[in-house]
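Structural features, examined
Residue-level listing of the chains:
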Amino acid sequence: MQTSTLSIVIPILNEEDVFPHLLERLDTALAAFKPALEIIFVNDGSTDNSRALINAAAENHKAICGIHLSRNFGHQSALTAGLEHATGEIVVVMDADLQDPPELIGKMVERIKAGDDVVYAVRRTRKEGALKVACYKLFYRILKYVSKLDIPLDSGDFSAMNRRVVDTINDMPEYNRFIRGIRSYAGFKQSAVYYDRESRAAGEPKYNFVGLLKLAGDGVFAFSEYPLRLASFAGAVVALLSFVGGLSLLLWRLFSAQQLPGFATLAVSIFFLGGVQLICVGVLGEYVGRIYNEVKRRPTYIVESTVGRDS
Ligand code: UDP
Ligand code: MG
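Okay, so let's go over this structure. (Residues numbered from 1 in each chain as written. Chains lettered and ligands numbered in written order. Predicted model: local features only at pLDDT ≥ 70, side-chain atom pairs only at ≥ 80, totals over all residues. Heavy atoms only, no water.)

For the rest of this paragraph, the subject is the overall build of the chain. In terms of helices and strands, the chain carries ten helices and eight strands. For the chain, whose C-alpha radius of gyration is 25 Å, the value lies well above the compact-globule estimate of 19 Å for 311 residues. Projected onto its principal axes, the C-alpha positions of the chain cover 90 × 40 × 40 Å. Counting the 311 residues in the chain, one finds 44% classified as buried. Put simply, the chain shows about 16400 Å² of open surface, and 63% of that area lies on carbon and sulfur atoms. Separation between the mean location of the 34 positive side-chain charges and that of the 34 negative ones in the chain comes to 6 Å. (Helix = DSSP H or I, 4+ residues; strand = E, 2+ residues; numbered from the N terminus. Rg over C-alpha atoms; globule rule 2.2 N^0.38 Å. Buried < 20%, exposed > 50% of the residue type's maximum accessible area, 1.4 Å probe, protein only. Areas by Shrake-Rupley, 256 points an atom, 1.4 Å probe, with all protein chains shown as cover. Lys, Arg positive; Asp, Glu negative; His and termini not counted. Charge placed at Lys NZ, Arg CZ, Asp CG, Glu CD.)

In structure tokens:
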């Protein structure tokens, strides 16, 4: 592969509708960076025409290359593939749907050249539905609260990084890759640029609610032991409550002539305790499942073929 100064990594899952717009906007926004430019499209197992579009683009533009993964591995794995293949001194990661404006790249790159190691884009506003926006906002605040890391609020994967940060991230061996988290973990000199996030230019969002929930879980469980502590805390609270409850029942038995109501109290406390225990086992399971995934040491992605830039 030829070396380049600026690499742009873009994961693609069924983006045939948006792809022509994307090429156009990239072409205008990045004209100044040619010929030291490399655009890597990571085809994450698309089942539409995206593959052919990427191949054609790679044929027609010297700067463009494509990595076809052997199946759908997920957004974060596709980003990982792109980061590991990027040769640039500066690497930008962005989504294909033009929610991350390519026009911002120039500013980010300038900052990196001025000495920053990471420049991440922060969403000042976003155009999704009110409920989705509220969930995003809540998630980033919870993550910041539970994690010891200083993960910036409302910043996604859209960012520019210099070579030493990209190498640092590529050296991290973990299988569960929450890129915006490991980017913070890497440290160095990081700064923010602010922008207003547009809605998707074309096509459907590829994350459904369950997908977003999983991503949120990956963020929380990979960067915090807080849920485990919460489980211990819940245990302590329940134990304390039952001690107080037991004591008051004893006093009742000793000093009241009234009969103790038995069945209802018993049933409620069994269900309550059962619920608390199941939640705690679930929390434990989240960690155990992730440990299992890590120890299997399976690859995060598998490349089927590459096109363009002398492959
Ligand atoms: N994507 C991917 N693999 C997936 C899901 C998404 O490569 O399994 C890509 C998708 O093509 C897009 C980016 O990841 O370029 C972000 O996806 P999307 O815009 O659907 O996510 P949202 O904006 O809803 O977070
Ligand atoms: Mg999007």
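Attention now moves to the site of ligand 1. Ligand 1 sits among 19 residues. The nearest are Glu 15, Asp 44, Asp 97, Gln 99 and Lys 206. At 2.6 Å from a nitrogen atom of ligand 1 is found a side-chain nitrogen or oxygen belonging to Asp 44. Arg 200 places a polar side-chain atom, nitrogen or oxygen, 3.1 Å from an oxygen atom of ligand 1. Put simply, ligand 1 lies in the largest pocket. Elements that contribute at least two residues to the shell around ligand 1 include exactly strand S1 (6–12) and helix H5 (130–146). The residue makeup of the shell around ligand 1, split by class, is seven nonpolar, four polar and eight charged. (Near = heavy atom within 4 Å. Polar contact = N/O pair within 3.5 Å; in protein donor to acceptor, adjacent residues only side chain to side chain. 1 Å grid on protein atoms, 1.4 Å probe; cavity = no way out; pocket = protein on both sides within 12 Å on 5 of 7 lines; lining within 4 Å. Sits in = over half its atoms within 2 Å of the grid points. Nonpolar A, V, L, I, M, F, W, Y, C, P; charged D, E, K, R; others polar.)

As for its position among the elements, Asp 154 is in the loop between H5 and strand S6 (155–162). Taking the C-alpha atoms as reference points, Asp 154 and Ala 57, 97 residues apart in sequence, are found 32 Å from one another. One polar contact links Asp 154 to Arg 141, side chain to side chain, over a distance of 3.1 Å.

As far as function goes, none of this settles anything; it's purely spatial.
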